[in-house]
Amino acid sequence: MAVSDNPNSEKIRWFTNARFGMFIHWGLYALLGRGEWARYTEAIPPDEYHALAQQFQPRHFDATAWARLAKAAGMKYMVLTAKHHDGFCLFDSQYTDFTSVKSAAKRDFVAEYVAACRAEGLGVGLYFTVKDWEFPAYFDGPERNPQGWAALVDHFHNQTKELLTNYGKIDILWFDCPDDANFRGGWGEQTPDVWRSQELGAWIEEAQPGILINNRGGLPGDFRTPEQTIPHGSQPGVFESCVTMTHKHWGYCPADPYKDVWRILDELISCVAVGGNYLLNVGPDPEGVIPLPACARLLEIGRWLETHGEAIYGTERLLPDWWDHTSTGRITTKDNIAYLIVQLWSPTGSLSLNQLQNDVRRATLLATGQTLTVRREGRRLLIEGLSPLPPALPFNVVKLELDGPAAAQFYY
Ligand code: GLC
């Protein structure tokens, strides 16, 4: 697997331009409504957990509805849990009966999902866990249980190959959790190569040239995956922050409170302003429906992006340091443009910043198209003529057309 540190390399350009994707955690655990870890954290016996597969018959699963919602939210790609740690597969597998095809639902949800993403023009991502609680060897580790371990690794390879052979072109392979208590190492930094990841990586390269792979498959991969956090300051290489829309769980948990739109958009913008992608999770219910509070937030974010998306898509960070914000918001840049994303509207009718060296040819408020006055006073750039009330909510964007490519200045 090639390590792509350059955000402009051909292979990864679509991804770094896209900036915003939908993560979907969905499986048997939706029936329990207590998040995707319930099997493990509640020590549910295997037979009892397996029986859930006979109840899992999502009457309202509609992959096209999911994909259209993602598009309406301004997202450019999706990542669905083909298999989570509980071992239940949303795809057809010849290596286990614990699948949605061989149980009550009798449907290949991955096939339906891939077709819908494609039809709606979204990038197709599949999450596939390395950690599989169907295998006790996962907990024993390779040294205590070499035979069981070998079977687990074979299973991991075989199912990865099924996913990458049976569903056409896949754009992102999103591995998870190659670590466990017995052989700790950072994600993507396993030594020795207990998953035979080098070998699998070579196979994948051959079978799906152009696919992007995250750093949780035992190798560094194409992008890093900060979880439940937005990094501060600029980050080396390509990264994608994955976060929940509720406070805690990834899988369906109706009691888990939702973040508000301000907070979600703040995360998206903060992530893009330090050069990353933002993968926002939803956990559909057992019938396959994305819960209403999630839909409402997504649609509101989509409406904001309709007007302000040019400050997000295809933009890059301006500030190559820990100093990644102004007093009122963030800055992104593209060609000869800097976007000042104002999160905290100024009540005085003016804004000022010291982060830009350039002269400004024209300043426009995206929400209204109003042209603003800009003055330079030494290091300080003053933007004037704003109304005391914010013209758009929750955030506004001032587009600054510059005399050349945006150049940062620092004031230590
Ligand atoms: C974690 C969790 C998991 C979730 C994932 C998303 O590693 O085990 O439940 O799927 O992160 O990043």
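Just so it is clear, the model here is predicted, and its values are computed rather than measured. (Residues numbered from 1 in each chain as written. Predicted model: local features only at pLDDT ≥ 70, side-chain atom pairs only at ≥ 80, totals over all residues. Heavy atoms only, no water.)

Overview of the overall build of the protein
Formally: Secondary structure is summarised from DSSP: a helix means a run of H or I of at least four residues, a strand means a run of E of at least two, and numbering begins at the N terminus for each. Each radius of gyration reported is based on C-alpha atoms, and the globular scaling rule is 2.2 Å times the count of residues to the power 0.38. Under the scheme applied here, a residue whose accessible area is under 20% of the maximum for its type counts as buried, over 50% as exposed, and between as partly exposed, the area being computed with a 1.4 Å probe on protein chains only. A contact between two residues is defined here by any heavy atoms of the two lying within 4.5 Å. Exposure was quantified through the Shrake-Rupley algorithm and a 1.4 Å probe, taking into account, for residues, occlusion by the shown protein chains and nothing else. Counted as positive: Lys and Arg. Counted as negative: Asp and Glu, with His and the chain ends omitted from the count. Every charge is mapped onto a representative atom, which is NZ of Lys, CZ of Arg, CG of Asp or CD of Glu.
In terms of helices and strands, the protein carries ten helices and 15 strands. Here the C-alpha atoms of the protein give a radius of gyration of 23 Å, agreeing with the 22 Å that 2.2 N^0.38 yields for 412 residues. Referenced to the eigenvectors of the C-alpha coordinate spread, the extents of the protein come out at roughly 70 × 45 × 35 Å. Put simply, the protein has 412 residues, and 58% of those count as buried. Considering only intrachain contacts with a sequence separation of at least 6, the fraction spanning at least 24 residues in the protein is 72%. When the accessible surface of the protein is summed, it comes to about 16600 Å², and 51% of that surface belongs to carbon and sulfur atoms. Counting 37 positive and 49 negative side-chain charges, the protein places the averaged centre of each group 5 Å from the other.

Considering the domain arrangement of the protein
Cut-off, in case you're wondering: For the domain bounds, the source is a domain assignment made automatically or taken from a database. As a working definition, buried area equals the accessible area (1.4 Å probe) given up by two parts on being put together, with both sides summed. Salt bridges are defined by distance alone: a side-chain nitrogen of Lys or Arg within 4 Å of a carboxyl oxygen of Asp or Glu.
Taken domain by domain, the protein comprises domain 1 (10-311) and domain 2 (329-402). Taking the mean C-alpha position of each, domain 1 and domain 2 sit 37 Å from one another. The interface of domain 1 with domain 2 comprises 14 residues on the first partner and 17 residues on the second. Summing the contributions of domain 1 and of domain 2, the shared interface buries around 1300 Å²; its carbon and sulfur component is 66%. Looking only at domain 1, the three residues that lose the most surface to domain 2 are Trp262, Glu310 and Ala311, adding up to 40% of its buried area. Between Lys399 and Glu310 there is a salt bridge whose closest N-O contact spans 3.1 Å.

Let's talk about the state of the cysteines
One covalent bond between the sulfur atoms of two cysteine residues makes up a disulfide. How we decide: Two cysteine sulfurs form what is called a disulfide whenever their separation falls within 2.5 Å.
Within this structure, the stated rule accounts for zero disulfides. You can see Cys271 has no disulfide; the closest cysteine sulfur is in Cys242, sitting 9.8 Å from it. Here Cys295 stays unpaired: no disulfide links it, and the sulfur of Cys117, its closest cysteine neighbor, is 16 Å away. Using a relative accessible area of 16% as the deciding quantity, one classes Cys295 as buried.

Notes on the packing of aromatic side chains
Defined as follows: The aromatic pairing rule takes the rings of Phe, Tyr and Trp, using the six-membered ring of Trp, and pairs them if the centres are within 6.5 Å, calling planes under 30 degrees apart stacked, those over 60 edge-to-face and the rest tilted. Sitting over a ring, as applied to charges here, requires NZ of Lys or CZ of Arg to be within 6 Å of the ring centre and within 35 degrees of the ring normal.
Evaluated as defined, the whole model comprises 31 aromatic pairs. Ring centres 4.9 Å apart and planes at 75 degrees place the aromatic pair Phe61 and Trp66 in the edge-to-face group. Taken as a pair, Phe61 and Trp66 share a single burial class, namely buried. Each member of the aromatic cluster is reached from another via a ring pair, and the members are Trp37, Tyr40, Phe91, Phe128, Trp133, Tyr138, Phe139, Trp149, Phe156, Phe175 and Trp195. Over the face of the ring belonging to Tyr313 we find Lys76, whose NZ or CZ atom lies 4.3 Å from the ring centre.

Considerations on the environment of Gly87
Mapped onto the elements, Gly87 comes out in the loop between strand 2 (77-83) and helix 5 (109-119). For the pair Gly87 and Gly27, spaced 60 residues apart in sequence, the C-alpha to C-alpha distance is 9.6 Å.

Observations regarding the environment of Phe109
Structurally, Phe109 is set in helix 5. Linking Phe109 and Cys89, residues 20 residues apart in sequence, is a C-alpha distance of 9.1 Å. When sequence neighbours within four positions are dropped, the list of residues in contact with Phe109 reads Trp26, Phe56, Pro58, Phe61, Leu90 and Ser100.

Describing the packing of helix 6 (residues 137-144) against helix 7 (residues 146-166)
As a reminder, the rule being used: A fitted line through C-alpha atoms serves as each axis, taken over the contacting stretch for helices, and the angle formed by two N-to-C directions is quoted from 0 to 180°. Crossing chirality is assigned from the near helix's rotation relative to the far helix, an anticlockwise turn below a right angle marking it left-handed and a clockwise turn marking it right-handed. Amino acids outside the nonpolar list (Ala, Val, Leu, Ile, Met, Phe, Trp, Tyr, Cys, Pro) and the charged list (Asp, Glu, Lys, Arg) are all regarded as polar, and Gly is one of them.
Direction vectors running N to C along helix 6 and helix 7 enclose 115 degrees, while the axes themselves pass 7 Å from each other. The way helix 6 lies across helix 7 gives a crossing that is left-handed. Taking contact as the criterion, the partners of Ala137, Tyr138, Gly141, Pro142, Glu143 and Arg144 in helix 6 are, on helix 7, Pro146, Gly148, Trp149 and Leu152. The residue makeup of the contact of helix 6 with helix 7, split by class, is six nonpolar, two polar and two charged.

A short note on the sheet that holds strand 13 (residues 371-377)
For the record, the criterion: DSSP bridges decide pairing: two strands pair if at least two such bridges lie between them.
Taken in spatial order, the eight strands line up as 8-9-10-15-12-13-14-11 in an open sheet, and their pairing is antiparallel. Because the sheet does not close on itself, it has two edges, and the strands there are strand 8 (316-317) and strand 11 (350-353). Across four bridges, strand 11 lies against strand 14 (residues 380-384) in antiparallel orientation. The partner of Ser350 across the bridge, within strand 14, is Glu384. Strands in contact with helix 9 (residues 261-273) are strand 8, strand 9 (329-334) and strand 10 (337-342); relative to strand 9, the strand with the most contacts, it is inclined by about 50 degrees.

Observations regarding the sheet that holds strand 5 (residues 212-213)
Read from one edge of the open sheet, seven strands run 5-4-3-2-1-7-6, paired in parallel fashion. Strands with a single pairing partner mark the edges of an open sheet, and in this sheet they are strand 5 and strand 6 (240-244). Judged from the five bridges that link them, strand 1 (residues 20-24) and strand 7 (residues 277-282) form a sheet pairing that is parallel. When the sheet's bridge partners are listed, Gly21 is paired in strand 7 with Leu279.

Focus: the packing of helix 9 against helix 10 (residues 292-308)
Test applied: Any angle between 65 and 115 degrees counts as roughly perpendicular, while under 35 counts as roughly parallel, over 145 as roughly antiparallel, and the rest as oblique.
Where helix 9 meets helix 10, the axes come as close as 10 Å, and the angle between the chain directions of the two elements is 50 degrees. Relative to helix 10, the element helix 9 lies oblique. Considering the relative orientation of helix 9 and helix 10, their crossing is right-handed. Contacts between helix 9 and helix 10 involve Val261, Ile264, Leu265, Leu268 and Ile269 on the former and, on the latter, Arg297, Glu300, Ile301, Trp304 and Leu305. Class assignment for the residues of the contact of helix 9 with helix 10 results in eight nonpolar, no polar and two charged.

What to know about the site of the ligand
The condition is simple: Proximity criterion: a residue is near a molecule or strand once any of its heavy atoms comes within 4 Å of it. A 3.5 Å cut-off defines polar contacts: any pair of N or O atoms within that distance qualifies, except that in protein one atom must be a possible hydrogen donor and the other a possible acceptor, and neighbouring residues in sequence count only when both atoms are side-chain atoms.
Taken together, 14 residues lie around the ligand, and His25, Glu36, His84, His85 and Glu227 are the ones closest in. At a separation of 2.8 Å, an oxygen atom of the ligand approaches a polar side-chain atom of His84. Here an oxygen atom of the ligand sits 3.1 Å away from a polar atom, N or O, in the side chain of Arg216. Compared with its free state, where it exposes 300 Å², the ligand has 94% of that area covered by protein.

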